[in-house]
Every structure is written in structure tokens, then in C-alpha cells.
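Breakdown of the fold
Each chain is listed here by its residues.
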Amino acid sequence: MRKLLAALAALPVVLAALWCGLALGFRFPGPTVIRHGVGGLFVIGVIATLLRVRPLTRKLGALAVLFGLFAAFYATVRPSNDRDWSPEVANPPTGEVVGDTLTLHNVRNFQYRSDSDFTERWETRTYDLSAIEGADLFLSYWGSPMIAHTIVSWDFSNSPPLAVSIETRKEKGEEYSAVRGFFREYELYYVAADERDLIGLRTNHRDEQVYLYRVRISPAAARDLLLDYVKTMNDLAARPRWYNAGIDNCTTGIRVHVEHIGSVRPWDWRILANGYGDQLMYERGNINTDLPFDELKQRSNVVARAQAAGDSPDFSARIRDGLPPRPKP
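One structure accompanies this document, and this report is about it.

Cut-offs applied
- Residues numbered from 1 in each chain as written.
- Predicted model: local features only at pLDDT ≥ 70, side-chain atom pairs only at ≥ 80, totals over all residues.
- Heavy atoms only, no water.
- Helix = DSSP H or I, 4+ residues; strand = E, 2+ residues; numbered from the N terminus.
- Buried < 20%, exposed > 50% of the residue type's maximum accessible area, 1.4 Å probe, protein only.
- Polar contact = N/O pair within 3.5 Å; in protein donor to acceptor, adjacent residues only side chain to side chain.
- Patch = residues over 30% accessible without salt bridge, like charges linked within 9 Å, V, L, I, M, F, W, Y side chains within 5 Å.
- Areas by Shrake-Rupley, 256 points an atom, 1.4 Å probe, with all protein chains shown as cover.
- Salt bridge = Lys/Arg side-chain N within 4 Å of Asp/Glu carboxyl O.

1. A word on the side chain of H257
Its place among the elements puts H257 in helix α6 (residues 250-260). Judged by its relative accessible area of 2%, H257 is buried. Of the polar contacts made by the side chain of H257, one reaches the side chain of D228; its length is 2.6 Å.

2. Describing unusual backbone geometry
Following R54, the chain continues to P55 via a peptide bond in cis, the omega torsion being -5°. Although it is not a glycine, R184 adopts a positive phi angle of roughly 55°. Judged by its relative accessible area of 26%, R184 is partly exposed. Look at D207: it is not a glycine, yet its phi comes out positive at around 55°. For D207, the position within the fold is in the loop between α4 (195-204) and β10 (209-214). Since its relative accessible area comes to 63%, D207 is described here as exposed.

3. Side note on a nonpolar patch on the surface
A surface patch of nonpolar side chains, amounting to about 280 Å² of accessible area, comprises L11, L15 and L18. For L15, the location among the structural elements is in helix α1 (residues 2-27).

Next up, the structure:
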């Protein structure tokens, strides 16, 4: 019984050591063989300490030293805004608000010929905050039905929608890795963009399945949500932050912003398995519930309409044609 209790007590320590070993393997400076060697030695050191060092006080002291050394190293792995960025994330958006006017800089409006062939267009746009009608949510699937990329878009009565996507900020030649996303590999980046860019890229060039849901939200709450996003954009431009695939990603970021405006809902496993996030919103009445969920989802798929719209100026209106209406706040 004592051995079983000791093993159970050691399990979280071993799991923490494995996480630290992976972090060292990815982020320790030097060639791959050295990084992996340092990570492996750390894990071996922790396990050897658990098995061999006696008494308990000495064991705890040795573990504290090992994890303290890791923490000291990891604190030196700092985010930066000064790297050779991929062009699609080269310019972080920033905004200023005067009265009801939001002026947003570095709104992305690329013209795509393919996923990697595009004409860059960075724009400064103004938005009338008093003209906000609500907000919509896009879910974009590229593989497993469990995982989707989430994008919030604000609807205005007098201008095209503004879409914002919380993403990784990759350097030139850098590819996304879901595993590396847990280990300070990518800075956090907010893409503020025209829907023809953010959504058309996914539907027309990446062959992703994209669904658009009109969200139950008042214009006032949608305004507060957008202003909270803009605050974070300005903060990131001044003080970069790490993206984290587990706790600071496209969906948990939305949840944090929603909490900032006073809407707190219970945690649910579908916040992590966000491909089922539309089911969660349906159950909570956050999206249209007049239709059975399966029919709602089918009608919310915008791929065919987006492909037909192409680079049309009325792209946003055309992908919304036939959608179930936004439920009243």
C-alpha cells in the first residue's frame, strides 16, 4: 500500500518532468541533438531523484533544485515583436477610439491567388461603433471534427464586417506544430481582417469546411467585446505574449474576452475540443435554436457561397444569404 501511495504521489512529478523535458528539447539553445540530450537528462535526473535519493527532505530539496534550474532557464525564453515574420502576420493591428469612431490600423485585406501566392494589402479602416448590430462566430475545420479554428466577426449597419482571428505569429519558413504550440514556440497574434481575406482564404484556397453562426448578443455587448479585443491588440503591439495551444489559443482567448465584458459561463470540455463548440452554443441558446442542430449546422456551412462569391466586394453579404437569423438578445 505504501509503494502504491508513493507511486501515485510521484506521478504528477514525472508528468511535470516530461513536460519540462519536452520544453528543453524544443527551446534549449543549440543543435537538435544537444537540445534533446538536455531534455532527456532532465527527465532522467528527476526520475533518478525520485527512486534513489533518501531521505524525503533531501529528495524534495533535489527536486526543487532541478525544477528551479528549469524555471530559471525557461524565464529567459521571452516573446518578441522583432523577428523576420511571415508576411501575413508581419504587421500587428492597433486601434484608437474617439467617441464612437474606431480607427484600426493594419487591417489585412490580401488578395489571394493561392495559399502562398498573394498580393499584400494592409489598410487603415474606421468603424462606427454606434452602427454595430452584433457579432458572428466562424468555425473552420481542416481535419478532425474535434478541432476547429474560431473567428469572431462584428457586423456593422454601414460598413463591411470586421473579422478577428487569434493565431500564432510565425516567422518566415516556420510551420505550425500543435505540439510546439505548448512550448513558447510562437508569439500570439491577432489578425484583424476583411472577411474576404480570413474566410475566403480558408474556403477557397485551403479547402477547409467553414460554418458561420449568428450569435445571440446585444449591440452594446458586441461593442464592449470589440473594444476589449482592441485593448489586447494594443497590448500585444507593445508587450508581446506567447501563444499556448492549451490555455491561450483561438477559443480560450474568446472566452477570456467574453468574461471581461461580464458574461461568465461554466467551463465545458468543448472549450478545448472546440470543434464541438457549436453544439455547446446551441445547448446554451447562444445561437439560433429554432431548427434542429443538424439542420442548423448544414445551413450554416458557407463554403459553396464563399467559393461562388470569390473576391466579390459583397462577399460578406453573399455568404450570409440564407443563413438562419441572429437570435434576439
